[in-house]
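Observations on the three-dimensional arrangement
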Amino acid sequence: MSFLGLDVGTSAVKAVLVDGDQRLLAEAEAPLTTSRPQPLWSEQDPDAWLAASWAVLAALRRDQPGAYGAVQAVGLSGQMHGAVVLGADDRPLRPAILWNDGRAQAECRLLAERVPGIGRIAGVPPTPGYTAPKLLWLAAHEPALFAQIARVLLPKDYVRLRLTGEHATDPVDAAGTLWLDEARRAWSPEILAATEMREAQLPRVVEGSEPAGALRADIAAELGLPAGVPVAAGAGDAAAGAIGIGAIADGDAFVSLGTSAQYFVTTESYRPCPERLIQAYCHGLPARWYQCAALLNGASCLGWAAALLGEPDIPALVARVEARWRGPSRVLFLPYLAGERTPHDDPHARGVLFGLEPDTDGIEVAQAVMEGVAFSLAEAQDCLSVAGSEVAALAAIGGGARSPFWMRLLATVLDRPVTLYAGAAKGPAFGAARLARLAATRETPEAVCGKPEVAQVLEPERALVERYFERGRRFRYLYQALRPEFRTET
């Protein structure tokens, strides 16, 4: 018995193959590139996701041909919010507009005017990253193309279309469009009408652990997989990551530190808090929801800094930071390289290094970058507290979680213990494999989605908690002081 999980991310497509005991048999990754043709724009070619998906599946097939050829189900995860617009022939009409695209600011204001209660219906107020404002932007700026749109899909669901021929999505990715009535887990006629869209243009919504199609015979032959195996509806990346580490019960919390970052808390009911820019979304399993602070900048900030400093070996750079670490850096870093969502809703915000001195070196800059991401997550934690989610302890997943030192720093800034799970870096792809298994076997979520083995628990450095709290106050003040400058035309 084996199951396949495919995660269509922003920087890469990742795939895992797991057996009946949920042991990792093989994994593979293929990189993706993002285009920024104009300021605030962020786009990808949907067919690049297909090429990368086929590449990682071929790698799994080479590595574990027996288990790969006996796969019982496929699960999907992926980056959320992206607008993949298709014509009547199911081919993309233009590059996909991604989650970190900031062009649709005017359309967000228009949508809030047209549907004053949208934050309570859709779980969050309109911000440029969501799918619905992107469609309003297309209607205004590319009207001829807008008139040709037959379907709108999310990134992972475009891959599903090629695998199964089905137009389908899950409640998590549906929630990320801003068109979903979260409480009903169904499309909102009111919001659709406000964006000049029809429900027939959207995919059907299927619970993440249910089959949302079967693998087409021709595609199965091409990929070397069994024809007709179920393809689970799956989940957007944040919820798939939660399922991968067993964060499925009320109050389970974790931080995901990848290209972007999320602070995620599972809830047993729908609890919107749009005034603090907290996402209140459907979870990837039935009758569950979550609250989430979504940050546009995560571990990618450290990659940016390493490239800027000419440091190709990021773990070695982090090791040098750890060896010198005695407390907060003298330098402050605002990590808003791609703008920011929670708590600022500011696509104009940009990265800032503040407090440089003649003896500032690359190690201190790297530490400031790691701290800046942690301070952003501390702001997110405060927003979640106001929204009713008090977190006593949390886990960590994603690429940033591979660094125990960064997680110890994060524990200190958040003043919460941070748990690292064995194999948690597999993240959303592993959660997608669990959803594949549920779709095939009909087991209960509790039987499949347990918490992995604890690898390490990182406690806050008590002597530094207060110092970091005060440094965090300066971090917040710096953003507020610079906010008007971010909007100044240059």
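For the structure, see preceding data.
All values reported here derive from a predicted model rather than from experimental measurement. (Residues numbered from 1 in each chain as written. Predicted model: local features only at pLDDT ≥ 70, side-chain atom pairs only at ≥ 80, totals over all residues. Heavy atoms only, no water.)

It is worth spelling out the layout of surface pockets at this point. Put simply, the largest pocket is a space of about 1,100 Å³. In this structure, the largest pocket is lined by 45 residues; those nearest its centre are Leu257, Gly258, Thr259, Ala299 and Gly399. Going through the elements one at a time, strand E2 (12–19), helix H11 (237–244), strand E16 (253–257), strand E19 (289–295), helix H12 (300–308), helix H13 (314–324) and helix H16 (427–441) are the ones with two or more residues in the lining of the largest pocket. With four residues, H13 is the single largest residue contributor to the lining of the largest pocket. Here the lining of the largest pocket is composed, by residue class, of 20 nonpolar, 18 polar and seven charged. Estimated volume of the second largest pocket: approximately 480 Å³. If you go around the second largest pocket, you meet 30 residues; those closest to its centre are Arg36, Asn100, Asn297, Leu337 and Ala338. Taken together, the residues of the lining of the second largest pocket sort by class into twelve nonpolar, eleven polar and seven charged. (1 Å grid on protein atoms, 1.4 Å probe; cavity = no way out; pocket = protein on both sides within 12 Å on 5 of 7 lines; lining within 4 Å. Points joined across faces, edges and corners; volume = space filled by probe spheres on them. Helix = DSSP H or I, 4+ residues; strand = E, 2+ residues; numbered from the N terminus. Nonpolar A, V, L, I, M, F, W, Y, C, P; charged D, E, K, R; others polar.)

So, about helix H14 (residues 362–386). Here H14 is 25 residues long and its end C-alpha atoms lie 37 Å apart, about the 36 Å a rise of 1.5 Å per residue gives. Buried residues dominate H14, accounting for 21 of its 25 residues. Positioned one or two residues after H14, Gly388 has a phi angle of 100°, which is positive. (Expected span 1.5 Å × (residues − 1). Buried < 20%, exposed > 50% of the residue type's maximum accessible area, 1.4 Å probe, protein only.)

This next bit is on a nonpolar patch on the surface. Taken together, the side chains of Trp304, Leu308, Leu309 and Leu337 present a nonpolar region at the surface, about 330 Å² in accessible area. Structurally, the position occupied by Leu309 is in the loop between H12 and H13. (Patch = residues over 30% accessible without salt bridge, like charges linked within 9 Å, V, L, I, M, F, W, Y side chains within 5 Å. Areas by Shrake-Rupley, 256 points an atom, 1.4 Å probe, with all protein chains shown as cover. Salt bridge = Lys/Arg side-chain N within 4 Å of Asp/Glu carboxyl O.)

So, about the sheet that holds strand E24 (residues 454–458). Read from one edge to the other, the open sheet built from seven strands follows the order E18-E19-E17-E16-E22-E23-E24, with strand pairing classed as mixed. Each edge of the open sheet carries a strand with a single partner, namely strand E18 (279–282) and E24. On average, adjacent strands in this sheet sit at an angle of 30° to one another, irrespective of strand direction. Pairing analysis gives four bridges linking E18 to E19, with the strands arranged antiparallel. Bridge assignment links Gln279 to a residue of E19, and that residue is Cys292. The strands that helix H15 (residues 404–414) touches are E16, strand E17 (261–267), strand E22 (394–397), strand E23 (418–421) and E24; relative to E24, the one it contacts most, it runs at about 45°. (Pairing = 2+ DSSP bridges. Axes fitted to C-alpha atoms, helices over the stretch in contact; angles between N-to-C directions. Contact = heavy atoms within 4.5 Å.)

Below, the discussion takes up the packing of H12 against H14. Packing of H12 against H14 brings their axes to within 9 Å, and their N-to-C directions diverge by 165°. Our classification of the angle between H12 and H14 gives roughly antiparallel. Crossing of H12 against H14: the hand is right-handed. Between H12 and H14, the residues in contact are Cys301, Leu302 and Ala305 and Ala366, Val369, Met370 and Val373, respectively. In the contact of H12 with H14, the residues fall into seven nonpolar, no polar and no charged. (Parallel < 35°, antiparallel > 145°, perpendicular 65-115°, else oblique. Left-handed = near helix turned anticlockwise from the far one by under 90°.)

Let us look at H12. The set of residues buried in H12 consists of Cys301, Leu302, Ala305 and Ala306. Take H12 and look down its axis: the buried residues cluster within an arc of 135°, on one side only. Of the exposed residues in H12, the ones pointing more than 90 degrees away from its buried face are Ala307 and Leu308. In this structure, the buried side of H12 is in contact with H13, strand E20 (332–334), H14 and H15. Two residues or fewer past H12, Gly310 is found with a positive phi of approximately 70°. (Arc of directions from axis to C-beta.)

On to the nonpolar core. In terms of nonpolar packing, the biggest core is built from 63 residues, with Leu135, Leu138, Trp179 and Tyr290 touching the most fellow members. Grouped together as the second largest cluster of nonpolar side chains are 62 residues, Val255, Ala378, Trp406 and Leu414 included. (Core = buried A, V, L, I, M, F, W, Y, C linked by side-chain atoms within 4.5 Å.)

This paragraph deals with empty space enclosed by the protein. The tally for this structure, following the rule as stated, stands at one cavity of 30 Å³ or more. Around the largest cavity, the lining residues are Phe3, Val18, Asp19, Gln22, Phe430, Ala433, Arg434, Arg437 and Val448. At the level of secondary structure, the elements contributing two or more residues to the lining of the largest cavity comprise E2 and H16. Sort the elements by how many residues they give to the lining of the largest cavity and H16 lands first, with four residues.

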